Amino acid sequence: LDTILSTDMMEQNNKPRRGEAQQMLDKILATKGRKYEHIFLYNSISKTGAAEDGIEAFIEIHSNLMALHGFMAGFQYVVVNSQEEGISVVDEEEDPTGARRQQAAIAIQIVGFLLSLFGTVISLIAMVFLKSMKDEPLELQVGKMLLYGPFFRLSDTSAVMAVFILVLSTNLFMYDTLPVWLCYVFNAVSVIMSVFGILCWYIVIMGKQRVKKNGSVDTVVGRRVYGGKGENHDAEPS
């Protein structure tokens, strides 16, 4: 009898939590322009009824971003700081084009350094915030993560921009030490690799990721947050 009563009480207590989880799922679906924070939250809540798994995924991503930003900032600082010793300054009167190119490369490198520092700070803020939100009410977790999501994504953007800036500045610096024809070759290779990287980012990260189920023409399996017809998990309390 005690077991039956305990089970009934648990079911009664879990009904509001299921209702709250469904409300949060609806809130995520009502948001336009769904990004990876929407995907993490939606999958976590639809599977467990809680946002903890999604928050852990966020923390892991920003931990890796902090490591990348720290490496990029240190590397770019070394490059900028070594310009005076490593590369002779081009005389603006003798070679005005070369002098302007060298100045642009240094300026671009400094911008990349600042972007990496900016991304480090954002990821640090994100990690502190996410860890402090792990045991908070579900509605607060979802509301704040959707609110601050665009700000936290600036860390991703600054990381990608810092990488492209490093490639660009390197392509400018090489004209001071390598033959022009070889610089053109490296420029072409860099453009091809950059376009390839952008395409991969768009297809793998930004794409909705849908596949045909078991070779079927009509049945398509996609992400749950986009209304995919894959395995369906009802929201259960954690």
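The coordinates are above.
Residues numbered from 1 in each chain as written. Predicted model: local features only at pLDDT ≥ 70, side-chain atom pairs only at ≥ 80, totals over all residues. Heavy atoms only, no water.

A. Inspection of the overall build of the protein at higher detail. Check the secondary structure of the protein and you find eight helices and two strands. Listing every helix and strand of the protein by position from the N terminus yields α-α-α-α-α-α-α-α-β-β. Taken over 238 residues, the protein has a buried fraction of 32%. Across the protein, contacts joining residues at least 24 apart in sequence account for 67% of those joining residues at least 6 apart. Carbon and sulfur atoms make up 63% of the accessible area of the protein, which amounts to about 14800 Å² in all. (Helix = DSSP H or I, 4+ residues; strand = E, 2+ residues; numbered from the N terminus. Buried < 20%, exposed > 50% of the residue type's maximum accessible area, 1.4 Å probe, protein only. Contact = heavy atoms within 4.5 Å. Areas by Shrake-Rupley, 256 points an atom, 1.4 Å probe, with all protein chains shown as cover.)

B. The pattern of salt bridges, seen in detail. Under the defined criterion, the tally for this structure stands at two salt bridges. When the shortest N-O distance is used, the salt bridge between Glu56 and Lys134 registers 2.3 Å. Of this pair, Glu56 sits in helix 3 (residues 52-81) while Lys134 sits in the loop between helix 5 (96-132) and helix 6 (138-152), placing them 78 residues apart in sequence. Since its relative accessible area comes to 36%, Glu56 is described here as partly exposed. Using a relative accessible area of 27% as the deciding quantity, one classes Lys134 as partly exposed. (Salt bridge = Lys/Arg side-chain N within 4 Å of Asp/Glu carboxyl O.)

C. Geometry of the environment of His69. Considering the arrangement of structural elements, one finds His69 in helix 3. A relative accessible area of 1% means that His69 is categorised as buried. C-alpha separation for the pair His69 and Phe113, spaced 44 residues apart in sequence, amounts to 9.1 Å. Once you skip the residues sitting within four places of it in the chain, His69 turns out to touch Leu115, Ser116, Gly119, Thr120, Ser123, Ser155, Ser158 and Ala159.

D. A look at helix 6. Between the first and last C-alpha of helix 6 there are 19 Å, a value that for 15 residues agrees with the 21 Å anticipated at 1.5 Å per step. The largest bend in helix 6 comes to about 35°, at Leu146, with the proline Pro150 one to four residues further on. Among all positions in helix 6, only Leu138, Gln141, Val142, Gly143, Met145, Leu146, Gly149 and Phe152 are buried. (Expected span 1.5 Å × (residues − 1). Bend = angle between axes of the 7 residues up to and from the residue.)

E. View of the packing of helix 6 against helix 7 (residues 154-173). Between helix 6 and helix 7, whose axes approach to 5 Å, the crossing angle comes to 15°. By the angle between their axes, helix 6 is roughly parallel relative to helix 7. In this structure, helix 6 uses Pro150, Phe151 and Phe152 to contact helix 7, whose residues at the interface are Leu154, Ser155 and Asp156. Taken together, the residues that form the contact of helix 6 with helix 7 break down as four nonpolar, one polar and one charged. (Axes fitted to C-alpha atoms, helices over the stretch in contact; angles between N-to-C directions. Parallel < 35°, antiparallel > 145°, perpendicular 65-115°, else oblique. Nonpolar A, V, L, I, M, F, W, Y, C, P; charged D, E, K, R; others polar.)

F. Inspection of the side chain of Ser155 at higher detail. Take Ser155: it is sitting in helix 7. On the accessibility criterion, Ser155 (0% relative accessible area) is buried. Side-chain polar atoms of Ser155 contact the backbone oxygen of Gly119, separated by 3.4 Å. (Polar contact = N/O pair within 3.5 Å; in protein donor to acceptor, adjacent residues only side chain to side chain.)

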